[in-house]
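Reading the structure
One letter stands for each residue in the lines below.
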Amino acid sequence: MKFSEMSVRRPVTVIMIFLIVILLGFVSLTGIPLDLIPNIEIPIAIVFTSYNGVGPQEIETLITRPIEDSVGTVAHIETLQSISSEGASIVVMQFEFSTDLDQAVSDVRNGVEVLRSVLPEDASDPIVMKIDLNAMPMMMLSLSTENMTQTEIQALVEETVKPQLESVAGVASVEIFGSVDNVVEVRLDAEKLRGYGISPDYVSNIIRSENMDIPAGNVLRGEQELTVTTNGQFKTVDEIANMLIPLPSGSLLRLQDMAQVELKLEDPSTISKADGNTSIDMVITKQTGTNTVTVSDDVREQIDNIQNNLPRGKITVLYDSADYIKQSLNQVAKSAFQGALLAIIVLYVFLRNIRTTLIIGLSIPISIIATFCLLYFTDITLNMMTVGGLGLGVGMLVDNSIVVLENIYRHRQSGYSRADAAVKGSSEVSMALVASTLTTVAVFVPIFFAEGIAAMLFEQLAITVSFSLLASLVVAITLVPMLCSKLLKVSVKKHEEDEFGLMIQQQMGIAGEEETKHRFRLLGRVYESFDRAFAGVNKYYERMLAWALRHRKTIVITSFIAFILCLSSVALVGQEFIPETDEGFITVEATLAQGAKVNDAIVVMDELEAKVRAIPEISRVFIEAGSSSALSGGENYGALYIELVPLAERKLGAKDVMEQIRLLVRDTPGAEISVSSMSSMGLGGTGAPLSIALYGDDLETLKGIADDFVEIVKTVEGTREVASSYADGVPKVSVAISRDRAAQLGLTAAQIGQSVRSVISGATATQFRTGGTEIPVVIRGDSYYEENLAALGQMPVNPSGQVSLDQVADIVVNQGPISINRIDRETTLSVSADISGRDLGSVSAEVLTAISAYNMPDGYRFEMGGMTETMTDAFSDLLLMLVLAILLVYMVMASQFESLLYPFIIMFSMPLG
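Residues numbered from 1 in each chain as written. Predicted model: local features only at pLDDT ≥ 70, side-chain atom pairs only at ≥ 80, totals over all residues. Heavy atoms only, no water.

1. Some remarks on the overall build of the chain
We count it as follows: Comment: elements are numbered from the N terminus, with helices defined as DSSP H or I runs of at least four residues and strands as E runs of at least two. For every residue, the accessible area (1.4 Å probe, protein chains only) is compared with the maximum for its type, and the residue is labelled buried under 20%, exposed over 50%, or partly exposed between those bounds. Note on contacts: a residue pair qualifies if any of its non-hydrogen atoms lie within 4.5 Å across the two residues. The accessible surface values rely on the Shrake-Rupley method and a 1.4 Å probe; as for residues, cover is taken only from the protein chains in view.
A tally of helices and strands in the chain yields 30 helices and 28 strands. Every one of the 913 residues in the chain was classed for burial, and the buried ones make up 44%. At a minimum sequence separation of 6, the contacts of the chain that also span at least 24 residues come to 75%. Summing over all exposed atoms, the chain offers an accessible surface of approximately 46500 Å²; the carbon and sulfur share of this is 57%.

2. Brief notes about the layout of surface pockets
Defined as follows: Points on a 1 Å grid, built from protein atoms alone, make a cavity when a 1.4 Å probe fits but cannot get out and make a pocket when they are open with protein on both sides within 12 Å along at least 5 of 7 lines; residues with an atom within 4 Å of a point are the lining residues. Grid points are joined across faces, edges and corners, and a volume is the space filled by probe spheres set on the points. For this classification, Asp, Glu, Lys and Arg are treated as charged, while Ala, Val, Leu, Ile, Met, Phe, Trp, Tyr, Cys and Pro are nonpolar and the rest, including Gly, are polar.
For the second largest pocket, the calculated volume is near 490 Å³. Elements represented by at least two residues in the lining of the second largest pocket include exactly α2 (11–31), α10 (321–351), α11 (354–377) and α12 (384–413). Considered class by class, the residues forming the lining of the second largest pocket number 19 nonpolar, 2 polar and 1 charged.

3. Some remarks on the confidence of the model for the chain
Selection criterion: Each residue carries a pLDDT value, the predictor's own confidence for that position, ranging from 0 to 100.
In this model, the chain carries an average pLDDT of 79, and 88% of its residues clear a pLDDT of 70 or more. Within the model, pLDDT remains below 50 along residues 492–511, and this stretch shows 32 contacts once partners closer than five positions in the same chain are excluded. Confidence drops under pLDDT 50 across residues 628–632; counting only partners more than four residues distant or on other chains, this segment forms 7 contacts.

4. What to know about the pattern of salt bridges
Formally: For this analysis, a salt bridge means a side-chain nitrogen from Lys or Arg found within 4 Å of a carboxyl oxygen belonging to Asp or Glu.
According to the stated counting rule, one finds 21 salt bridges in the structure shown. For E659, the salt bridge is made with R720, and the minimal N-O distance between the two is 3.2 Å. Pair noted here: E659 is in helix α21 (residues 654–665) and R720 is in strand β21 (residues 719–724), with a separation of 61 residues, a long-range link. Overall, the relative accessible area of 22% leaves E659 in the partly exposed class. For R720, a relative accessible area of 26% gives the class partly exposed.

5. Thoughts on the nonpolar core
The condition that has to hold: Only buried residues count toward a nonpolar core, which is a set of Ala, Val, Leu, Ile, Met, Phe, Trp, Tyr and Cys residues joined through side-chain atoms within 4.5 Å.
I364, F372, L375, V404, I408, L479 and C484 are the most contacted members of the largest nonpolar core, which totals 65 residues. Taken together, the elements giving at least two residues each to this core come down to α2, α10, α11, α12, α13 (418–442), α15 (453–477) and α16 (479–487). It is α15 that contributes the most residues to this core, 14 residues altogether. Those residues in contact with V404 that sit more than four places away from it in its chain are S426, V429, L433, A476, V480 and P481. In this structure, A596, I602, I623 and I673 belong to the second largest nonpolar core, which totals 29 residues.

6. Things to note about the packing of α10 against α11
Each pair of packed helices gets described by two things: the angle between the helix axes and the distance between those axes. Let me state the cut-off plainly: Orientation is described by lines fitted to C-alpha atoms, with helices fitted over the stretch in contact, and by angles between N-to-C directions that extend from 0 to 180 degrees. If an angle is under 35 degrees, it is roughly parallel; if it is over 145, roughly antiparallel; if it lies from 65 to 115, roughly perpendicular; otherwise it is oblique. Here a crossing is called left-handed whenever its near helix is offset anticlockwise from the far helix by less than a right angle, and right-handed whenever the offset is clockwise.
It is at 9 Å that the axes of α10 and α11 come closest, and there the two elements cross at 155 degrees. The angle between the axes of α10 and α11 places the two elements in the roughly antiparallel class. α11 is crossed by α10, and the crossing has right-handed handedness. Contacts between α10 and α11 pair A340, A343, I344, L347, Y348 and L351 from the former with I354, T356, T357, I360, G361 and I364 from the latter. Tallied by class, the residues present in the contact of α10 with α11 amount to 9 nonpolar, 3 polar and no charged.

7. As for unusual backbone geometry
Even without a glycine there, the phi angle at H76 is positive, about 70 degrees. Considering the arrangement of structural elements, one finds H76 in the loop between α3 (56–71) and β2 (77–85). In this structure, D824 is a non-glycine residue whose phi angle is positive, near 50 degrees. Counting through the fold element by element, D824 comes out in the loop between β26 (819–823) and β27 (826–835). Taking the relative accessible area as the measure of exposure, D824 reaches 41% and is therefore partly exposed.

8. A word on the packing of α13 against α16
One way to put it is that α13 packs onto α16 with a least axis distance of 8 Å and a crossing angle of 155 degrees. Taken together, the axes of α13 and α16 are roughly antiparallel relative to one another. Classified by chirality, the crossing of α16 by α13 is right-handed. Listed contacts from α16 to R418, A419, A422 and S426 of α13 are P481, C484, S485 and K486. Here the contact of α13 with α16 is composed, by residue class, of 4 nonpolar, 2 polar and 2 charged.

Below you can see the structure in the form of structure tokens.
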């Protein structure tokens, strides 16, 4: 039995099946998570190695290059990058999209393990990690109050707020910014140490050995066995200050007699402010595979619970990526609903029949609801692509139903009964409907077999549209015939359905008899006007068609000329990979001169805040100065996080506000300023909108080329924040140890280096435990040796304090780059730029033309990277998908028409479209 005949003969069964589908659809909708875009899973792994106190050049030679050579043999590596900075080496491997990342990481670990004997002894063991670019910070919070000190706010965050936020399901980590730590500082007096014949290392070892609880075994008390522990840990800071230090002479001296001992706050590495008040900021990162909106809702619920129990202070949500996701999806869903409503209105205008409009209109919501079931069971989220796919398919969902209904209506007018007309009319067109639906679905099939970011983005769109079209096909050949067999009525009186509707209104009291007649006459005049207009268009079309058939050559030539003209207009159409979004958040980053401290950065950030506050579109401003991460900046780094008022309440968009900010802050002395917008649409790893990678052997030559490229790119209209990745490091004091002189005085390089580090940076001797927390006890030398290079040379480096540093080493000042970057084992620099007021495609083309005229030295080359590279690769993949789709569509039509020639008639019209 055919589907249509079965649906007509068993209407109750069909209704029950679709009611179940509708119920499952609504249940599925509540379980489908929300997201902005589909997750972009780029297989990336890194190898991290630290080697404290070693410059970038040495890191590159001793660590980075050997690791690159070892992991470079791992299969399926697409790009191999490395960053060699002071004290750290990072090697990044991006694999092909189809790579099994777990197996690749295992291969990398095997390759790195054999290097351990080759790497320097003082270097840390290389750590191999997988990187999830989707595990980006999803929410920023701030806790501030006017009546609490920084220490009190920090204690409140660490003891109360952070643990409760970390307990929320889906939260991976809560990172704190703006906090300061307690430290027990032991500041030694260099002259007294020299007089007593002892060194800082000697004092450090004594303190470490005194602060110990050592288990001593067991002892019997009767038949009971007790554990014995010697308790030697410090209970108070005074106990540390009063401990006795044995001297070489045999006498004892208290620590406080040779050093200043105090519990103090460590100098902060970051300072945070919220609307001018000191604050502690928290950055929340979600776990891999969890949904942003779900985690955000749970976190906000927890924030409300925490806020209700806080004695003082206010938790403010600085940024929440879920807000924009909800806003965007609501807007897309609203547009899809409006599109469906307009489709029904258009149907009614043409069908002029409430019953037929109702039959067709039901196919839209039922097809969409059925699609929700399929999305739920395939673990697809509701995002811009899937919801947009539903909106795209709304207009096509009614096509199959209209074809079925019109054919049933034709048979009904021919005298068939409702049931027979429904069976015969739907059966005649069912195969054609299947073929036409498969033709549309075939367009999306190549996406399922493609790779790359484009495939990841559009795969869910393709699945959603395909699901909805297949659902509409099922509705058209089952539900529509059944409804036609029960509801379809061939009108014998013009506008019968409208008169029936108005009579219903009259009986319900909505309209009186006279009003009913008036409305009917008014609708009649509207329908007649529409009929006359449509008939006129139809007659005009008939005349045009007749003329076109008589003048075929003219039509062909005119169409060809129009095609060429339209094709030439492609050059005027801009290109970009991801459209710009206005989420109402702007970041202003400032980089001070190398060597600047966090207090210098906060002063500059306060000045910048005062300048941008004059812009009326700005709602709130949050400050971060300094950074604890070597990758995101240092103490000379600062950022303003600016929240704009809602888009509906401001006259300017985010891009316009950014331009105003650039004008206000461009003359800030001593700081390099960059302005950017925060976007949830950003794709990890895509980089700056415009980026040029320079390759070569000599870093200084690359620096010169990069400087020239910066000036060239600045001349292109629409470019902003043009900068080179090269940055000079802080002038560095190099202590070149003379092994011969050191050996004659009984010293090794390790002893000398340890002595210098203990005095300058300090060494953590032990941990002081109090109140359930551990506070480091740091031994620091006399600050006198930090004041100038001459004093540094006088630093004692042997236990007796009789040998100074300048006796065993040469002290020189040099300067080099902050980091050395390599791509595929070639030294590289990059020139990056932001885009404003123009599309990425036209700017990239103009920049490429400008730099192509540059006379590159032999052995040096450049490549376009960043978002330009991503866009180019994606468009190439999409073009290949388009060609495959055309071939599949041709094959479907060829099977449908049973001809290899007829499909070309349709397909030759595609380029003109």
